Amino acid sequence: MSKLIMTVDDSASVRQMVGFTLREAGYEVVEAADGRDALAKLGARAVQMVITDLNMPNLDGIGVIKALRDDPSHRFVPIIMLTTESQAEKKQEGKAAGATGWIVKPFKPEQLLAVVRKVLG
Amino acid sequence: MMDKHREAFREEALELLTELEAALLDLEKTPDDSDLVGRVFRAMHTIKGSGAMFGFEDVASFTHDIETVYDRVRNGELAVDGNVISLTLSACDRIRRMVAAPGESSPEEEAAAEGIRAFFKGLSAATGDRGPAAAPSPCVDGPTVQPGQDGEEITYRIRFRPARNIFASGTNPVLLLKELAGLGRCAITAHTGDIPSLAEIDPEGCYTSWDVILTTRQDMNAIRDVFIFAEDYCEVTVAVIDGGGGGDADTDYKKIGEILVDRGDINAADVAGILSSQKRIGEMLVDSGVVTQETVQSALAEQQHVREVRKERKSAEAMTSLRVPAEKLDTLVNLVGELVTVQSRLNQVASTLNAPELIPVAEEVERLTDELRENAMNIRMLPIGTTFSKFNRLVRDLSSELRKEIMLVTAGGETELDKTVIERLNDPLIHIIRNSIDHGIEEPAVREAAGKPRQGTIRLSAEHAGANVLIKVSDDGAGLNAEAIRAKAVEKGLLVPDASAGEKELFPLIFAPGFSTAGKITSVSGRGVGLDVVRKGIDALRGSIDVESRSGEGTTMTLKLPLTLAIIDGLLVAVGEDRFVLPLHCIEECVEMTREKAAEPRGRRITRVRGDIVPYIRLRECFGSPGEPPAREQIIMTSAEGCRVGIVVDEVIGEHQTVIKSLGRFYRDAKDVSGATILGDGTVALIVDVPQLVQGTEAAERAFS
């Protein structure tokens, strides 16, 4: 069975690129436009991985990570955050909240897949 | 593909800019509204981040300082005034131009943009001790893919101690170990001494740590990279224990006993006797309580690993390979096959007798047999690259004959496959590539008219996927014409005229015998021989073919092949007294079928599985097994030829390592079985050829109706 990955980003083009790259590689993808949308779509549904942007309206990436780590059904799910170089302290905050790894924007599809394979096995 | 994403970004950026302007105008009225500042910042942030992703570096660097300024406003370090807002608005206009028409700006516009940029740069750095100085550059500080270096093999000792709470970060330590194992050869020892008793254990904590001895050509950074995400959650120490340099292995001089024997002071038997009465250092240490058994085990693993590496290096110097006649290997594989059969018999005997002395022996034999089997199979594995390189010539010759310009690109040539599989794959691949050249890739003029490069590309790649190898042949040609296939299929009677067949149903039809949609017959293809040969060849290898195609973009054919032919994973089932094996690769699931459920559709052989209506075949009827079916039968859902068909049996016994024996010439007309195997108790089970069985039954049904 192919693995299900949720991608959370308020930028439609990034969402499209991430979704496209992952689907090409054989993963199933659920997309969410911000943190609140992500948590609503997730519920208790099992996903194998979450890729989230940090800066988003309604609920930001840090909030998503914290909420998932507090939820028994998603406590151990690998979470990758998308950061930029200028967000060093955000990255630190994300790590402290329980992010599994990170990718620095801008990134290429191959880099995304390398990280996904690393974290998902 | 990137163009599609660029287009999406362009639309998004234009939307964001409109929203941004609205927010800026509101902000001008209420400069203290932190919500509005947040919106402006986020929009700039997205334009910058996404812009850099899709090749709008100029947009990204232009936006960078503006984003920084609004970040500072957001943090209360700076206040917005009318001037800042009107300059931000002109910046919006500038970004809009850059996004809509990249690289087409007049010198005046450039100058104005430079002014805006300088203003924001000044503002962002005014008291800027925290503003990042550099514009974003396209680089990643995440894990990087290290190119394989042709350095010497180095052996490392890696001690990996995860923090108790490592799982809370979503990190799976086992994956890290696997990644390490992917770097080279390694020996892993787990330390489980810290695991407390069940009463005290925190089930969400990690109590295990690992020692890994790894021999690799990669450098230390590659090893550190494995742990890059988890560095806060574990302690990792890496040390070089064998540098690969010459001489170190030879510095060991003879042992004292050997010297004494050499000198004739004592004889070898004396030494052996003394040594056997002496305890090993490890045992002595454990006895004295200085270290635990596990620690010693780990150290021993290191010793053994390094010794092996050194020994191998020596023998590698002596000889790199050995030529052996293929028959010798075939004999070896046959013998291993026999051994697997005997071993399953041994297992059965051991479990029937339930003798405590026998069971561990049987298990040990099982382990060894598995290892031996894997090794024997490995010897027969060859890289597929040699076959790939043969096709270069084929592509060159055919394309010049057909006046087309085609380049062949190959990848994954190092993927290893059973020798027999490689040999028998040759013909099917030739047919597929010919087909791509003839039907797929268009003539240069046609390609240019369609906005594609004159030169067409055929990609040939191989990769491992579990116990299978995927071989893909893709071209960037015209793609399959679904309508032409439909018309041809109707003409050939393969499809009812008004059938609503999607691409998934239509595409596989190109493998039907005598099927060709080529307008004219060329010397290369078009006579409709070819693709059905491919299908037969791949079926014979117990593989499958998948076709994907997009009109105008090209076609990809994926061949899925088992790694080896001699032994397969099968599902052992029973029908009455008879035993059958179904190849596991075509099985999806097993479900129960009660007698009432079978009676439901009034004698028609269909049933409902998870809401889908699925036809089924009774193995009992196919093979004329005597006796009545039990009240509860099992349906084994198979996927053959792209459709799901159930196979009804009395009982599912379980997975079975199946050594394939051919049935011999006498039974060569027995179509529905592909071979036989000998079970643990000596009985023979037939191996069902599922695709053939499904096809045969379908043909019979059609003839009947």
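Residues numbered from 1 in each chain as written. Chains lettered and ligands numbered in written order. Predicted model: local features only at pLDDT ≥ 70, side-chain atom pairs only at ≥ 80, totals over all residues. Heavy atoms only, no water.

K.L.:
Explain the nonpolar core to me, and be specific about the residues and the numbers.
P.N.:
Core analysis: the largest hydrophobic core is formed by 81 residues, its most contacted members being Leu22(A), Ile51(A), Val116(A) and Tyr70(B). Of all the elements, helix H4 (residues 82–100) of chain B adds the most residues to this core, at nine residues. Once you skip the residues sitting within four places of it in the chain, Val116(A) turns out to touch Ile5(A), Leu22(A), Tyr27(A), Met49(A), Ile51(A) and Gly121(A). If you look at the next biggest cluster of nonpolar residues, it comprises 47 residues, including Ile471(B), Ala501(B), Leu509(B) and Leu541(B). (Core = buried A, V, L, I, M, F, W, Y, C linked by side-chain atoms within 4.5 Å. Buried < 20%, exposed > 50% of the residue type's maximum accessible area, 1.4 Å probe, protein only. Helix = DSSP H or I, 4+ residues; strand = E, 2+ residues; numbered from the N terminus. Contact = heavy atoms within 4.5 Å.)

K.L.:
Pulling in residues and values, what's your account of the sheet that holds strand E12 (residues 567–575) of chain B?
P.N.:
The pairing of strands in a sheet happens through backbone hydrogen bonds and is either parallel or antiparallel. All names here are of chain B. Ordered in space as E19-E12-E13-E21-E20, the five strands form an open sheet in which the pairing is mixed. The open sheet has two edge strands, strand E19 (651–659) and strand E20 (673–678), and neither has a second partner. The average angle at which neighbouring strand axes cross in this sheet is 35°, direction not considered. In the sheet, strand E13 (residues 578–583) pairs with strand E21 (residues 684–688) via two bridges, with the strands oriented parallel. Pairing of valine 581 across the sheet is with isoleucine 687, part of E21. (Pairing = 2+ DSSP bridges. Axes fitted to C-alpha atoms, helices over the stretch in contact; angles between N-to-C directions.)

K.L.:
Residue-level account of empty space enclosed by the protein, with values.
P.N.:
By the definition in use, this model includes two cavities of 30 Å³ or more. Counted as a void, the largest cavity has a volume near 80 Å³. What lines the largest cavity is Thr100(A), Lys118(A), Val119(A), Gly170(B), Thr171(B), Asn172(B), Leu175(B), Leu176(B), Phe229(B) and Ala230(B). The set of elements that each furnish at least two residues to the lining of the largest cavity consists of helix H5 (109–120) of chain A together with helix H6 (173–183) of chain B. Of the residues in the lining of the largest cavity, the class split is five nonpolar, four polar and one charged. Space inside the second largest cavity adds up to approximately 30 Å³. Along its surface, the second largest cavity is lined by Lys95(A), Ala99(A), Thr100(A), Trp102(A), Phe229(B), Asp232(B) and Tyr233(B). Within the lining of the second largest cavity, the residues separate by chemical class into four nonpolar, one polar and two charged. (1 Å grid on protein atoms, 1.4 Å probe; cavity = no way out; pocket = protein on both sides within 12 Å on 5 of 7 lines; lining within 4 Å. Points joined across faces, edges and corners; volume = space filled by probe spheres on them. Nonpolar A, V, L, I, M, F, W, Y, C, P; charged D, E, K, R; others polar.)

K.L.:
Break down the packing of aromatic side chains for me, citing the residues and quoting the values.
P.N.:
Residues and elements named next belong to chain B. Scanning all chains against the criterion turns up eight aromatic pairs over all chains. Site record: aromatic cluster; members linked through ring pairs are Phe9, Phe54 and Phe56. The ring of phenylalanine 56 is capped by arginine 6, whose NZ or CZ atom sits 4.4 Å from the centre of that ring. Sitting over the ring of phenylalanine 41, arginine 74 keeps its end group 3.9 Å from the ring centre. (Phe/Tyr/Trp six-rings, centres within 6.5 Å; stacked < 30°, edge-to-face > 60°. Lys NZ or Arg CZ within 6 Å of the ring centre and 35° of its normal.)

K.L.:
An account of the interface of chain A and chain B is requested, with residue identities and associated values reported.
P.N.:
Tallying the contact residues gives 41 residues for chain A and 42 residues for chain B. Roughly 3,500 Å² of surface becomes buried between chain A and chain B when both sides are summed, with 58% attributable to carbon and sulfur atoms. Remark: the boundary between chain A and chain B carries four salt bridges. If you look at where chain A meets chain B, you find 14 residue pairs in polar contact (both at pLDDT 80 or more). Residue assignment for the side of chain A that touches chain B shows that the elements contributing at least two residues are helix H1 (12–24), strand E4 (79–84), helix H4 (88–97), strand E5 (101–105) and H5 of chain A. Classifying every residue of the side of chain A that touches chain B by side-chain character gives 19 nonpolar, 13 polar and nine charged. (Buried area = accessible area lost by both parts, 1.4 Å probe. Salt bridge = Lys/Arg side-chain N within 4 Å of Asp/Glu carboxyl O. Polar contact = N/O pair within 3.5 Å; in protein donor to acceptor, adjacent residues only side chain to side chain.)

K.L.:
Any chance you could break down the pairing of strand E2 (residues 28–32) of chain A for me, citing the residues and the numbers?
P.N.:
Residue and element names in this part refer to chain A. In terms of strand pairing, strand E1 (residues 4–8) meets E2 through five bridges, oriented parallel. Each bridged residue has a counterpart across the sheet, and for methionine 6 the counterpart in E2 is valine 30. Taken together, E1, H1 and E2 constitute a β-α-β crossover, and its handedness is right-handed. (Right-handed = clockwise from strand over helix to strand, strands pointing away.)

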